[in-house]
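Observations on chain architecture
Read off the chains here:
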Protein chains: 2
Amino acid sequence: MRYSPSKENYLKTIFHLQEEEGVVTTNALARALDTSPASVTDMLKKLKTQKLLLYEKYKGFKLSLEGRKVALQIIRKHRLWEVFLVEKLRFGWEEVHEIAEELEHISSKKLVDHLDKFLDFPTTDPHGDPIPDANGKIPLIKQISLRDLPINIIAAVCNISDQSPEMLELLTHKGIGLGTKLEIKKKFSFDNSLELNIRNHQPITISENVARNVFVTHEE
Amino acid sequence: MRYSPSKENYLKTIFHLQEEEGVVTTNALARALDTSPASVTDMLKKLKTQKLLLYEKYKGFKLSLEGRKVALQIIRKHRLWEVFLVEKLRFGWEEVHEIAEELEHISSKKLVDHLDKFLDFPTTDPHGDPIPDANGKIPLIKQISLRDLPINIIAAVCNISDQSPEMLELLTHKGIGLGTKLEIKKKFSFDNSLELNIRNHQPITISENVARNVFVTHEE
DNA sequence: TTAAGTTTTTAGATTTGTCTAAATTTAAAT
DNA sequence: ATTTAAATTTAGACAAATCTAAAAACTTAA
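The present account deals with the structure reproduced in this document. What you see is a predicted model; the values in this text were computed from it and never measured. (Residues numbered from 1 in each chain as written. Chains lettered and ligands numbered in written order. Predicted model: local features only at pLDDT ≥ 70, side-chain atom pairs only at ≥ 80, totals over all residues. Heavy atoms only, no water.)

Regarding its fold elements, chain A presents 8 helices and 8 strands. The principal-axis extents of the C-alpha atoms in chain A amount to approximately 60 × 40 × 25 Å. For chain A, the residues scored as buried account for 44% of the 220 residues in total. Taking the intrachain contacts of chain A between residues at least 6 apart in sequence as the baseline, contacts between residues at least 24 apart amount to 60%. Entry remark: accessible area of chain A is about 12,100 Å², with carbon and sulfur atoms responsible for 51%. (Helix = DSSP H or I, 4+ residues; strand = E, 2+ residues; numbered from the N terminus. Buried < 20%, exposed > 50% of the residue type's maximum accessible area, 1.4 Å probe, protein only. Contact = heavy atoms within 4.5 Å. Areas by Shrake-Rupley, 256 points an atom, 1.4 Å probe, with all protein chains shown as cover.)

The following block contains the structure:
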């Protein structure tokens, strides 16, 4: 079955909201898609008749098994294209999202699988997010504090618990943001400070207090 | 300016018909796009108001300078993606057209230019058709008889003048069709027969009589 | 040169995805 | 337990791209 780019975007966004929030609401989805709640309701009805969504009006909704499958394929395409753009076409990791938003709607299954092979079956995208395999299985990634990250494991920043301007100023200065890929090279037991490597940068040092507030994901 | 995939397809198809036929008619365009003449008229009006088309009703039409520019960018994208699919993702040259029909509508200009560089600035696609450069300039290609093709020059079959079943049977057997990329490796002056290389195949031999009826294009 | 035939255009409808404004249902607060 | 507020859905409309059927304009051939 083939779905319109618009429907694919709905499925994908519902999937992401489900992951984060557990429950998805009409308003949250409208906000995420930058559209009106009325439009969302319209689309939900269509997705329901196509059995992509479990939905009763006023009662909330979530993806059906089929809807989840479709969403994961879109996410797979999005992330593989991002890898391609960064690794092969030498884009910066911050500029690939927008382009991948278009590429993810190219339908050919064979294209995606050839691309996957061409890229040598990557398991994470340039932001550190896991790439579902051809069957929609996502490599298990768990979110841990940077303080607990083992040495020499590449991980991606996925959350910053202390969002104060002071913390953000510090992180911006060090070159750390959401999605930054990094690796601990040394832990100093004297004060539990860490020395990190970040893609294409000089090693940097951060305190335990900072590390505690930075959460990262990494492959199992 | 950004145009819908549908408009881009109209512009591209008008361009191709202009090249082949000189004049484009509503019916011919409808046939080429597999749509109704009425739909074509509707779209022509829209393209005219956007100044992409010179068009007076009942008086025929052709692309404006701007329309031509847009068409050439689409064709550029189409052909570059075809090169990518064949050279990098190892698709067969006969299966890439359909996928490139989708990829050609991805909008990012930067993407196309990076892709061009990644592919090392190819001048023809896997079918032997010339690829417009970033300014929309097409490398000059002239059509010549295979008999007159110099040795060791890669060329693409673009026309077969004798379309008899006997000729086609022979060519099919040898693995030659429209778009086949080939190269003469040896000319025998005894009978003017030719030894050819075709992508991924064993060398083959054809008679002068066959060569005379096969037309090829190659870069200048 | 006028009647017949072909091509092109108009008229009116349909589908998809969207909108605003208004109504309805659920949730919260007194 | 009402009232008020918030979230959600309906109603009605619109733009893009398409369709069919019918009208209008061009072409051609007797």
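According to the stated counting rule, one finds 9 aromatic pairs over all chains in the structure shown. Centroid distance Trp 81 of chain A to Trp 81 of chain B: 6.0 Å. Interplanar angle 80°. Geometry classified as edge-to-face. Here Trp 81 of chain A, found in helix H4 (residues 65-88), pairs with Trp 81 of chain B, found in helix H4 (residues 65-88), and the two come from separate chains. You'll find Trp 81 of chain A and Trp 81 of chain B in the same group, each marked buried. Ring pairs connect the aromatic residues Trp 81, Phe 84 and Phe 118 of chain A together with Trp 81, Phe 84 and Phe 118 of chain B, which therefore count as one cluster. A cation sits over an aromatic face here: Lys 88 of chain B above Phe 118 of chain B, 4.7 Å from the ring centre. (Phe/Tyr/Trp six-rings, centres within 6.5 Å; stacked < 30°, edge-to-face > 60°. Lys NZ or Arg CZ within 6 Å of the ring centre and 35° of its normal.)

This paragraph deals with the pairing of strand E8 (residues 214-219) of chain A. Residues and elements named next belong to chain A. The pairing of strand E3 (residues 141-145) with E8 spans 5 bridges and is classified as antiparallel. In the sheet register, Gln 143 faces E8, and the bridge partner there is Thr 217. Where strand E4 (residues 154-160) and E8 come together, 4 bridges link them in antiparallel fashion. The residue of E8 that forms the bridge with Ala 156 is Thr 217. (Pairing = 2+ DSSP bridges.)

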